[in-house]
Every structure is written in structure tokens, then in C-alpha cells.
Amino acid sequence: MTQGGNWYIAHADFDHDGDEDLIGAQGGGYTPALRVLLNDGTGHFSLGSSQSVPMETTSLSVAALALGDLNEDGNVDVVTGTTRGA
């Protein structure tokens, strides 16, 4: 995750292998994106997936990131909050 802008980081076991993985939500003037970095068990992370965050308008920016199993299916769900840009 080397692009500029603000990054909101959280961790959870996204691939169910017992290792904590990372997720980053990018905001702050760039196209909002989510990036999952998978932990290989030794503390090395690789890009698991990248997803644009659909926004109703380009003037919104990711401003918060939360994780939880919202629908109780055993998988981590991701919730982003937004703020209106300048």
C-alpha cells in the first residue's frame, strides 16, 4: 500500500488459516479502494485482493473501517464509513 492519501487499517483472519491478515481502506482524495494483505504465517504479507469501493458520488472519501461477522456466516464482513470531500 504505497499510494498516497489516508489509509485506515484493520486486521482479521480473512482466509481462515489462523493468521491475522490486514485490510486497508484508502481515502483522502484518491479513488476509494480496499486492499486485503494475506499473512503467510511468518509475518510476510501479499496482496490477496483489491476492490474499488462503490460510492454514490466521487466527492465521498473513506473515513472509517470496521470489521465483524454481521450476518453470522463465519466470514469477516467489512463496513466502511465515508465523509464528503472538499
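Since the structure is predicted, the reported quantities are computational estimates derived from the model, not experimental observations. (Residues numbered from 1 in each chain as written. Predicted model: local features only at pLDDT ≥ 70, side-chain atom pairs only at ≥ 80, totals over all residues. Heavy atoms only, no water.)

1. What to know about the nonpolar core
Core analysis: the largest hydrophobic core is formed by seven residues, namely Ala10, Ile23, Ala25, Leu34, Val36, Val62 and Leu65. Where this core is concerned, the elements lending two or more residues are strand S2 (21-27), strand S3 (33-39) and strand S5 (60-68). Contacts of Val36, omitting those with residues within four sequence positions, involve Phe14, Leu22, Ile23, Ser46, Leu47, Gly48 and Ser49. (Core = buried A, V, L, I, M, F, W, Y, C linked by side-chain atoms within 4.5 Å. Buried < 20%, exposed > 50% of the residue type's maximum accessible area, 1.4 Å probe, protein only. Helix = DSSP H or I, 4+ residues; strand = E, 2+ residues; numbered from the N terminus. Contact = heavy atoms within 4.5 Å.)

2. Digging into the environment of Gly24
Tracing the backbone through its elements, the reader meets Gly24 in strand S2. Taking the relative accessible area as the measure of exposure, Gly24 reaches 0% and is therefore buried. Spatially, the C-alpha atoms of Gly24 and Trp7 are 6.0 Å apart, while their sequence positions differ by 17 residues.

3. Observations concerning the pairing of S3
Here S3 lies mainly inside the structure; six of its seven residues are buried. Here S2 runs beside S3; their pairing, made up of five bridges, is antiparallel. Note on S3: the bridge partner recorded for Ala25 is Leu34. (Pairing = 2+ DSSP bridges.)

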